[in-house]
Amino acid sequence: MRKLITLLSVLFCVAAYGQNTTRNKLKANPGLRPEVSVRYDTLSQAAASRYVVFTGYEKPLRSTKETILLHLNEDAPDVKRVIFDIEYLDLSGKVLHKRTVDLPVEVRPGGTRMCVFKSWDVNKVFYYHINKPPRTSAQGTPYSINLDLKSALVLCAGE
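Along every chain, residues carry numbers that run from 1 in the direction the sequence is written. It should be noted that, the model being predicted, local features are given only for residues of pLDDT at least 70 and side-chain atom pairs only at 80 or more, the latter also being counted only at that level, while totals for whole chains, interfaces and linings use all residues. Side-chain measures were taken over the full set of non-hydrogen atoms in the model, leaving aside hydrogen atoms and water.

At least two bridges found by DSSP between two strands are what make those strands a pair. Put simply, DSSP H or I for four residues or longer makes a helix, DSSP E for two residues or longer makes a strand, and each gets a number counted from the N terminus. The strand order 2-3-6 describes an open sheet built from three strands, whose pairing is antiparallel. The sheet is open, and its two edges are formed by strand 2 (52-58) and strand 6 (112-118), each paired on a single side. Ignoring strand direction, the axes of neighbouring strands in this sheet form an average angle of 25°. Relative to strand 3 (residues 65-72), strand 2 is paired through six bridges, and the arrangement is antiparallel. Residue pairing for strand 3: Val52 is matched across the bridge by Leu72. Where helices are involved, their axes are fitted lines through C-alpha atoms of the stretch in contact, as for all axes, and angles between N-to-C directions lie from 0 to 180°.

Looking now at a nonpolar patch on the surface. A cluster of nonpolar side chains, Met1, Leu4 and Ile5, forms an exposed patch at the surface whose accessible area comes to about 360 Å². Tracing the chain through its elements places Met1 in the segment before helix 1 (2-17). Relative accessible area decides the class of each residue, using a 1.4 Å probe on protein chains only: under 20% of the type maximum gives buried, over 50% gives exposed, and in between gives partly exposed. A relative accessible area of 75% means that Met1 is categorised as exposed. For patch building, the residue pool is restricted to those with more than 30% relative accessible area and no salt bridge; the joining distance is 9 Å between like charges and 5 Å between nonpolar side chains (Val, Leu, Ile, Met, Phe, Trp, Tyr). The method behind every accessible area is Shrake-Rupley, applied with a 1.4 Å probe, and residues are considered shielded solely by the protein chains displayed. Put simply, a salt bridge is a Lys or Arg side-chain nitrogen that is within 4 Å of an Asp or Glu carboxyl oxygen.

Quick look at the side chain of Ser151 now. Assignment of secondary structure puts Ser151 in strand 8 (residues 141-155). A relative accessible area of 14% places Ser151 in the buried class.

For the protein, the mean per-residue pLDDT works out to 82, and 82% of the residues sit at or above 70. At the level of individual helices and strands, the protein shows its lowest average pLDDT in helix 1, which scores 66, and its highest in strand 6, which scores 94. Residue-level confidence of the predictor, termed pLDDT, takes values from 0 up to 100.

So, about the side chain of Ser144. Tracing the sequence through the fold places Ser144 in strand 8. Any pair of residues with heavy atoms lying within 4.5 Å of one another is described as a contacting pair. The residues contacting Ser144, other than those within four sequence positions of it, are Glu87, Tyr88, Leu89, Asp90, Leu91, Tyr128 and His129.

Geometry of an aromatic ring pair is reported as the spacing of the ring centres plus the angle between the planes. Two aromatic rings, drawn from Phe, Tyr or Trp (for Trp, its six-membered ring), form a pair once their centres lie within 6.5 Å of each other, and the interplanar angle then sorts them: stacked below 30 degrees, edge-to-face above 60, tilted otherwise. A complete count under the given rule lists nine aromatic pairs for this structure. Taking the centre distance of 5.6 Å and the plane angle of 90° together, the rings of Trp120 and Tyr143 count as edge-to-face. Of this pair, Trp120 sits in the loop between strand 6 and strand 7 (126-128) while Tyr143 sits in strand 8, and the two are 23 residues apart along the sequence. For the residue pair Trp120 and Tyr143, the accessibility class agrees, reading buried in each case. A connected cluster of aromatic rings, assembled from ring pairs, spans Tyr57, Tyr88, Trp120, Phe126, Tyr128 and Tyr143.

Take the pattern of salt bridges next. Throughout the structure, instances matching the rule amount to seven salt bridges. For Lys150, the salt bridge is made with Asp85, and the minimal N-O distance between the two is 3.5 Å. Of this pair, Lys150 sits in strand 8 while Asp85 sits in strand 4 (residues 79-90), placing them 65 residues apart in sequence. Here the salt bridges do not stand alone but share partners, grouping Asp85, Asp148 and Lys150 into one network.

What follows is about the environment of Lys132. Along the chain, Lys132 turns up in the loop between strand 7 and strand 8. For the pair Lys132 and Leu61, spaced 71 residues apart in sequence, the C-alpha to C-alpha distance is 9.4 Å.

Pasting the structure below:
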């Protein structure tokens, strides 16, 4: 009897192991998908600056990420992407680095979003001067920034 139970359990395991649960040749029915037409427009620098406001920035020592807070005015259209230049300066005003950041972001009018992106500081030796100085024995270099909004991608009105 014991051999029979062992044999049946082995056969059951082998049968369950070989079962294919995926289905081949499945195709989407195009008649069931609704046609979605979304139109976007790009705001120029002057127009985008009227609507988009940078309200905060943070980059602690040894961080691999930078964080900005982006606020959209009440009369602005929905923003889907922002492009801006960041200029990194030491405290004497000398330029350390400059780059352009292209961030996908979903912001509704009157809303604020926290946007996180990869840091320029690959050696992790700089920190934003408004942040608290690090409490470690490691020496960090404080810096400041200049943000310059270049453009914003918005959802067209009426869509």
